[in-house]
Amino acid sequence: MCGNNVLEPGESCDGNKLNGKSCADFGFGGGTISCSGACDFNLTACCKSEGQQCGLLQGQCCGGLVCGLLSAECS
């Protein structure tokens, strides 16, 4: 039963139960993994490396860096 915060067969994750996974397990260098309402991993806040992938974080970068105004680079 997805959404009960208990990992059950067929679920990748459930609520804050992430089955020990992190962004690094999916080839990312940083960021925060979460679980969707369908009990699948949400990787939209994962970053390829520290200070990159501004767009995925809606104007923020991994490591507390700030997106550049003229590019997708972080500084």
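All figures in this text were calculated on a predicted structure; none of them were measured in a lab. (Residues numbered from 1 in each chain as written. Predicted model: local features only at pLDDT ≥ 70, side-chain atom pairs only at ≥ 80, totals over all residues. Heavy atoms only, no water.)

### With respect to the overall build of the protein chain
No. 1: Across its full length, the protein chain holds zero helices and four strands.
No. 2: Beginning at the N terminus, the succession of helices and strands in the protein chain can be written as β-β-β-β.
No. 3: Per-residue burial over the protein chain gives 23% buried out of 75 residues.
No. 4: Here the contacts in the protein chain between residues at least 6 apart in sequence split such that 12% fall between residues at least 24 apart. (Helix = DSSP H or I, 4+ residues; strand = E, 2+ residues; numbered from the N terminus. Buried < 20%, exposed > 50% of the residue type's maximum accessible area, 1.4 Å probe, protein only. Contact = heavy atoms within 4.5 Å.)

### Focus on the side chain of Asp14
No. 1: With respect to the helices and strands, the residue Asp14 is situated in the segment before strand 1 (30-31).
No. 2: No salt bridge is formed by the buried Asp14, whose closest oppositely charged neighbour, Lys17, lies at an N-O distance of 9.5 Å.
No. 3: A distance of 3.1 Å separates a polar side-chain atom of Asp14 from the backbone nitrogen of Gly3.
No. 4: If we skip the residues at most four places from it in the chain, Asp14 touches Met1, Cys2, Gly3, Asn4, Asn5, Val6, Leu7, Cys35 and Cys39. (Lys, Arg positive; Asp, Glu negative; His and termini not counted. Salt bridge = Lys/Arg side-chain N within 4 Å of Asp/Glu carboxyl O. Polar contact = N/O pair within 3.5 Å; in protein donor to acceptor, adjacent residues only side chain to side chain.)

### Observations concerning unusual backbone geometry
No. 1: The backbone phi angle of Asn19 is positive, close to 55 degrees, even though this residue is not glycine.
No. 2: For Asn19, the location among the structural elements is in the segment before strand 1.
No. 3: Here the phi dihedral of Cys39 falls at roughly 65 degrees; this positive angle occurs in a residue that is not glycine.
No. 4: Take Cys39: it is sitting in the loop between strand 2 (34-35) and strand 3 (41-42).
No. 5: The buried category is assigned to Cys39, whose relative accessible area is 3%.

### Some details on the environment of Leu7
No. 1: With respect to the element layout, Leu7 can be found in the segment before strand 1.
No. 2: A relative accessible area of 35% means that Leu7 is categorised as partly exposed.
No. 3: Contacts of Leu7, omitting those with residues within four sequence positions, involve Ser12, Cys13, Asp14, Lys17 and Asn19.

### Quick look at the confidence of the model for the protein chain
No. 1: Across the protein chain, the average pLDDT comes to 75, with 63% of residues at or above 70.
No. 2: Here strand 1 stands out as the element of the protein chain with the lowest mean pLDDT, 73, in contrast to strand 2, whose mean of 93 is the highest. (pLDDT = per-residue confidence, 0-100.)

### Overview of the state of the cysteines
No. 1: Counting across every chain of the model gives two disulfides.
No. 2: Here Cys13 pairs with Cys35 through a disulfide, and the sulfurs are 2.1 Å apart. The S-S bond linking Cys13 to Cys35 shows a torsion near 90 degrees; that makes this disulfide right-handed. Of this pair, Cys13 sits in the segment before strand 1 while Cys35 is found in strand 2, placing the two residues 22 residues apart along the sequence.
No. 3: Residue Cys35 is classed as buried on the basis of its relative accessible area of 17%. (Disulfide = S-S within 2.5 Å.)

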